[in-house]
Amino acid sequence: MKKPILSFIIPAKDEQENIIPLYEELIASVKNLNYPFEIIFVDDGSTDKTLEKLKGLKTGKRQIKIISFRGNFGKSMALQTGFDQCKGDIIFTLDADLQDNPGEIPKFLEKIESGFDLVSGWKKKRYDPWDKVLPSKIINFLARILTGVKIHDTNCGFKAYRREVVRSLNLYGDLYRFIPIFAAKQNFKVGEVVVDHRPRRFGK
Ligand code: UDP
Ligand code: MG
């Protein structure tokens, strides 16, 4: 059987210190899998050296693609543009800030290959300031009650999707926060895996 192609979509706004270490961790995790892959960085109007770092990284590497926005269009647009341009059968999104641990990619892949259409990360132990964590807990609680979709961390940036799911999305504004709910409402099989979350070291 032909191996599926993996696409990694990484939105980045002002992440200059994180790009290179993230790439290195990602490659370390993915190379053992022996799947064909591409990495799509979406520079969302960064005003620091993110784009320069990306261009330097890309030199000579065909598996890296860079999409660069003229301004800051937001995370929904960054993800949607990545989804529109990727060629993967299984698509991952992860944040550029190193808070997600690329070492966990195999865990997501295993769950997708066991029959899930969308696997969303759950930052069970979260390293963010309380004024981020509390509103998120409330929103997730309300979303569970109102939609009946049993997801603990709908906004988690670390997710894996089958191609059909990303084809069904049309993200704008703040909609990226609710992707598992849209997918579940379209009868895609949605699951979650607990992920190791890390504090942000650089940037904000
Ligand atoms: N990001 C983006 N555009 C924005 C804001 C953020 O592409 O306007 C990226 C950011 O670089 C990071 C991810 O989206 O890779 C998540 O951002 P952040 O860490 O600020 O959000 P949180 O972890 O609180 O969800
Ligand atoms: Mg973050």
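The structure presented is a predicted model; accordingly, all values stated were derived computationally and were not measured.

## Things to note about helix 4 (residues 105-113)
Moving on, step 1. Listed in full, the buried residues belonging to helix 4 are Ile105, Phe108, Leu109 and Ile112. Seen along its axis, helix 4 keeps its buried residues to an arc of 100 degrees; they face one direction.
Moving on, step 2. Buried-residue contacts for helix 4 involve strand 1 (6-12), helix 1 (19-31), strand 4 (90-93), strand 5 (118-122), strand 6 (159-162) and strand 7 (190-194).
Moving on, step 3. Backbone geometry just after helix 4 places Gly115 at a positive phi near 125 degrees.

## Quick word on the pattern of salt bridges
Moving on, step 1. All told, the structure shown has eleven salt bridges when counted by the stated rule.
Moving on, step 2. Across the pair Glu25 and Arg198 runs a salt bridge, and its minimum N-O distance is 3.1 Å. Separated by 173 residues along the polypeptide, Glu25 in helix 1 and Arg198 in the segment after strand 7 bring together distant segments of the chain.

## Structural notes on the pairing of strand 6
Moving on, step 1. Summarising the sheet, strand 4 and strand 6 pair through four bridges and their orientation is antiparallel. Bridge pairing links Ile90 to Arg162 in strand 6.
Moving on, step 2. Sheet topology note: the strand 5/strand 6 ladder contains three bridges and is antiparallel. Following the sheet pairing, Val119 is matched in strand 6 by Ala160.

## A short note on the site of ligand 1
Moving on, step 1. What surrounds ligand 1 is a group of 14 residues, the closest being Glu15, Asp44, Ala96, Asp97 and Lys132.
Moving on, step 2. Measuring from an oxygen atom of ligand 1, one finds a side-chain N or O atom of Asn72 at 3.0 Å.
Moving on, step 3. Take Asp97: an N or O atom from its side chain is 2.7 Å from an oxygen atom of ligand 1.
Moving on, step 4. The protein chains hide 81% of the 520 Å² of surface that ligand 1 would expose on its own.
Moving on, step 5. For the shell around ligand 1, the class distribution of residues is three nonpolar, three polar and eight charged.

## Digging into the coordination of the magnesium ion (ligand 2)
Moving on, step 1. Only Asp97 (OD) and Gln99 (OE1) from the protein coordinate the magnesium ion (ligand 2), and they sit 2.0 to 2.3 Å from it.
Moving on, step 2. Classification of Asp97 by relative accessible area gives buried; the value is 5%.

## Regarding the packing of aromatic side chains
Moving on, step 1. This structure, assessed with the given rule, holds five aromatic pairs.
Moving on, step 2. Taking 6.3 Å as the distance between ring centres and 70 degrees as the angle between the ring planes, the aromatic pair formed by Phe92 and Phe108 counts as edge-to-face. Pair noted here: Phe92 is in strand 4 and Phe108 is in helix 4, with a separation of 16 residues, a long-range link. Here the two residues Phe92 and Phe108 agree in accessibility, since each one is buried.
Moving on, step 3. Among the aromatic residues, ring-to-ring pairing joins Phe8, Phe92, Phe108 and Phe158 into one connected group.
Moving on, step 4. Over the ring of Phe116 we find Lys111, and its NZ or CZ is 4.7 Å from the ring centre.
Moving on, step 5. Sitting above the plane of the Phe116 ring, Lys189 keeps its charged end 4.4 Å from the centroid.

## Overview of empty space enclosed by the protein
Moving on, step 1. For the structure on display, the rule yields one cavity of 30 Å³ or more.
Moving on, step 2. Around the largest cavity sit Lys75, Leu79, Thr93, Asn155, Cys156, Gly157, Lys159, Tyr161, Tyr176 and Ile179, which together line it.
Moving on, step 3. Only helix 3 (75-85) and strand 6 provide two or more residues apiece to the lining of the largest cavity.
Moving on, step 4. Residues of the lining of the largest cavity, tallied by class, amount to five nonpolar, three polar and two charged.

## A few points about the side chain of Glu192
Moving on, step 1. Here Glu192 is to be found in strand 7.
Moving on, step 2. At 7.0 Å, Arg144 is the nearest oppositely charged side chain to Glu192, a buried residue that forms no salt bridge.

About the criteria used
- Residues numbered from 1 in each chain as written.
- Chains lettered and ligands numbered in written order.
- Predicted model: local features only at pLDDT ≥ 70, side-chain atom pairs only at ≥ 80, totals over all residues.
- Heavy atoms only, no water.
- Buried < 20%, exposed > 50% of the residue type's maximum accessible area, 1.4 Å probe, protein only.
- Helix = DSSP H or I, 4+ residues; strand = E, 2+ residues; numbered from the N terminus.
- Arc of directions from axis to C-beta.
- Contact = heavy atoms within 4.5 Å.
- Salt bridge = Lys/Arg side-chain N within 4 Å of Asp/Glu carboxyl O.
- Pairing = 2+ DSSP bridges.
- Near = heavy atom within 4 Å.
- Polar contact = N/O pair within 3.5 Å; in protein donor to acceptor, adjacent residues only side chain to side chain.
- Areas by Shrake-Rupley, 256 points an atom, 1.4 Å probe, with all protein chains shown as cover.
- Nonpolar A, V, L, I, M, F, W, Y, C, P; charged D, E, K, R; others polar.
- Donors = N, O, S within 2.8 Å, 3.2 Å for Na, K, Ca; no water.
- Phe/Tyr/Trp six-rings, centres within 6.5 Å; stacked < 30°, edge-to-face > 60°.
- Lys NZ or Arg CZ within 6 Å of the ring centre and 35° of its normal.
- 1 Å grid on protein atoms, 1.4 Å probe; cavity = no way out; pocket = protein on both sides within 12 Å on 5 of 7 lines; lining within 4 Å.
- Points joined across faces, edges and corners; volume = space filled by probe spheres on them.
- Lys, Arg positive; Asp, Glu negative; His and termini not counted.

Treat this as a map of the structure, not an account of what it does.
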